[in-house]
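Letter by letter, the chains look like this.
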Amino acid sequence: MREIERKRILVTGGAGFLGSHLCDRLLAMGHDVLCIDNFYTGSKANIAHHHGEPFFEVLRHDITFPLYVEVDEIYNLACPASPIHYQFDPVQTTKTSVHGAINMLGLAKRLKAKIFQASTSEVYGDPAVHPQTEDYCGNVNPLGLRACYDEGKRCAETLFMDYRRQHGLTIKVARIFNTYGPRMHPNDGRVVSSFIMQALMGEPITIYGDGGQTRSFCYVDDMIEAFVRLMATPDDFPGPVNLGNPEETTMLELAEKVIDLTGSSSSLVFRPLPSDDPLKRRPDITLARARLEWQPRIGLDEGLGRTIAYFARLLTDKPHLSAVPLH
Ligand SMILES: NC(=O)c1ccc[n+]([C@@H]2O[C@H](COP(=O)([O-])OP(=O)(O)OC[C@H]3O[C@@H](n4cnc5c(N)ncnc54)[C@H](O)[C@@H]3O)[C@@H](O)[C@H]2O)c1
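So, here is what we can say about the structure in this document.

The rules behind the values
- Residues numbered from 1 in each chain as written.
- Predicted model: local features only at pLDDT ≥ 70, side-chain atom pairs only at ≥ 80, totals over all residues.
- Heavy atoms only, no water.
- Near = heavy atom within 4 Å.
- Polar contact = N/O pair within 3.5 Å; in protein donor to acceptor, adjacent residues only side chain to side chain.
- Areas by Shrake-Rupley, 256 points an atom, 1.4 Å probe, with all protein chains shown as cover.
- Core = buried A, V, L, I, M, F, W, Y, C linked by side-chain atoms within 4.5 Å.
- Buried < 20%, exposed > 50% of the residue type's maximum accessible area, 1.4 Å probe, protein only.
- Helix = DSSP H or I, 4+ residues; strand = E, 2+ residues; numbered from the N terminus.
- Contact = heavy atoms within 4.5 Å.
- Salt bridge = Lys/Arg side-chain N within 4 Å of Asp/Glu carboxyl O.
- Expected span 1.5 Å × (residues − 1).

**What about the site of the ligand?**
Inspection of the region around the ligand gives 31 residues, with L18, D37, T41, Y149 and K153 positioned closest. Between L18 and the ligand, the recorded distance is 2.8 Å, taken from a backbone N or O atom to an oxygen atom. At a separation of 3.0 Å, a nitrogen atom of the ligand approaches a polar side-chain atom of R190. For the ligand, whose accessible area on its own is 820 Å², the fraction buried by protein is 97%.

Here it is as structure tokens:
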């Protein structure tokens, strides 16, 4: 059903976890969506349900190379998001964040198109301030294993701000905190997918450190709602704006919830913390509440229930899948 005037919207990384949900949403709003992806971590299965739709197009393309298309708006999501994936080829990760941003900003400049950047809470590094507000400049180790992602995303934010100042571009920068839901990669080593996969397979659930470290988890539908609202804010509001769930959960609580909801008999095993793994992470979403009139609505139990149902289906279809205990 069309709600609004149809725009041509480019979604980079549109076959990934968040990108595919964003494509769903934009198509449901009546837009004409061009999804581009190099399928590094994304998959055709995530967008297969749109195959043959008249206002959906897919293009295999790597955003580290220039792209010439005609669109009205750009959502730049392309970039592997989980440590296991972005550390596999760290040089490519930096290239995707930095060259990719330059290419997409260049495209936006030529087209005078509004452009959205999927930035990340990782720009705060291991924060000395808790919870993090947008004016906190972060505490990132530029030499560590996570730096290809953290510094790449920081540089992308700089590029977005400079294109705004220097070329007058309309930009929207979202700092995304942990998001989960159906279509997360089952082997991405992130905590929600790992715990669910381990629980469903009856394997021990791996907890790093003592399990007292916290994260905040936002369900994907809430996050996509925030993207669309941010894009619709007046041109003089570039962000950055924190998007995430301010409710904190310890890893131990999460593991217990997953065991409960899956009815699994999995035990817990403890391993040392990986390097540069932040101990605390929670967004201050005061700005998002004020400017987007947004806050997460879907609670952890409901969101985990939907995610567990997705992974259970995946395991029925592909029983050879395994859990990767790294997050
Ligand atoms: N999911 C989260 O919790 C989270 C948190 C913070 C930030 N983000 C950001 O949101 C965006 C989407 O994350 P996601 O969780 O959907 O990850 P994802 O890995 O599922 O999706 C990323 C997509 O980008 C594609 N891609 C990677 N490099 C590319 C390139 N050079 N050219 C074209 N396509 C490329 C991948 O194939 C994949 O489809 C990323 O930019 C990520 O940094 C996500």
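**Focus on the nonpolar core**
Grouped together as the largest cluster of nonpolar side chains are 62 residues, with contacts concentrated most on Y75, F227 and L243. At eight residues, helix α6 (residues 220-231) tops the list of elements feeding residues into this core. If sequence neighbours within four positions are ignored, L243 has contacts with A174, R175, I176, F177, M223, A226, F227, A288, L292 and W294. Counting residues in hydrophobic clusters, the runner-up holds 26 residues, among them I74, A108, M161 and L169.

**Things to note about helix α5 (residues 191-200)**
Burial runs high along α5: nine of the 10 residues are buried. Here α5 has its buried residues at V191, V192, S193, S194, F195, I196, M197, Q198 and A199. Following α5 by one or two positions, G202 has its phi on the positive side, about 70°.

**A few points about unusual backbone geometry**
P131 follows H130 through a cis peptide bond whose omega is -10°. Inspection of the secondary structure assignment puts P131 in the loop between β5 (114-120) and α4 (147-167). Here the amide bond leading from G239 into P240 is cis, since omega sits at 5°, within 30 degrees of zero. When you line up the elements, P240 lands in the loop between α6 and β11 (241-243). At F39, a residue that is not glycine, the phi angle is positive and equals roughly 60°. With respect to the helices, strands and loops of the structure, F39 is situated in the loop between β2 (32-37) and β3 (56-60). In this structure F39 comes out as buried when scored by relative accessible area, which is 16%. If you check the backbone angles, R183 has positive phi at about 80° while not being a glycine. With respect to the helices and strands, R183 occurs in the loop between β7 (179-180) and α5.

**Considering the pattern of salt bridges**
On inspection of all chains with the given rule, the structure shows 15 salt bridges. For the salt bridge of E225 with R25, the shortest nitrogen-to-oxygen distance reads 2.7 Å. One end of the pair, E225, is in helix α6; the other, R25, is in helix α1 (residues 17-28), and 200 residues separate them in sequence. Assessed through its relative accessible area of 26%, R25 is described here as partly exposed. Across the pair R306 and D221 runs a salt bridge, and its minimum N-O distance is 3.4 Å. Of this pair, R306 sits in helix α9 (residues 300-317) while D221 sits in helix α6, and the two are 85 residues apart along the sequence. The class of D221 is partly exposed, set by a relative accessible area of 35%. Taken together, the shared-partner salt bridges connect R25, E225 and R229 into one network.

**Looking at α6**
For α6, built from 12 residues, the straight-helix expectation of 16 Å at 1.5 Å per residue is met to within 8% by its first-to-last C-alpha distance of 17 Å. Judged by how many residues are buried, α6 sits mostly within the fold: nine of 12 residues are covered. For α6, every residue scored as buried is listed here: V220, D222, M223, I224, A226, F227, V228, L230 and M231.

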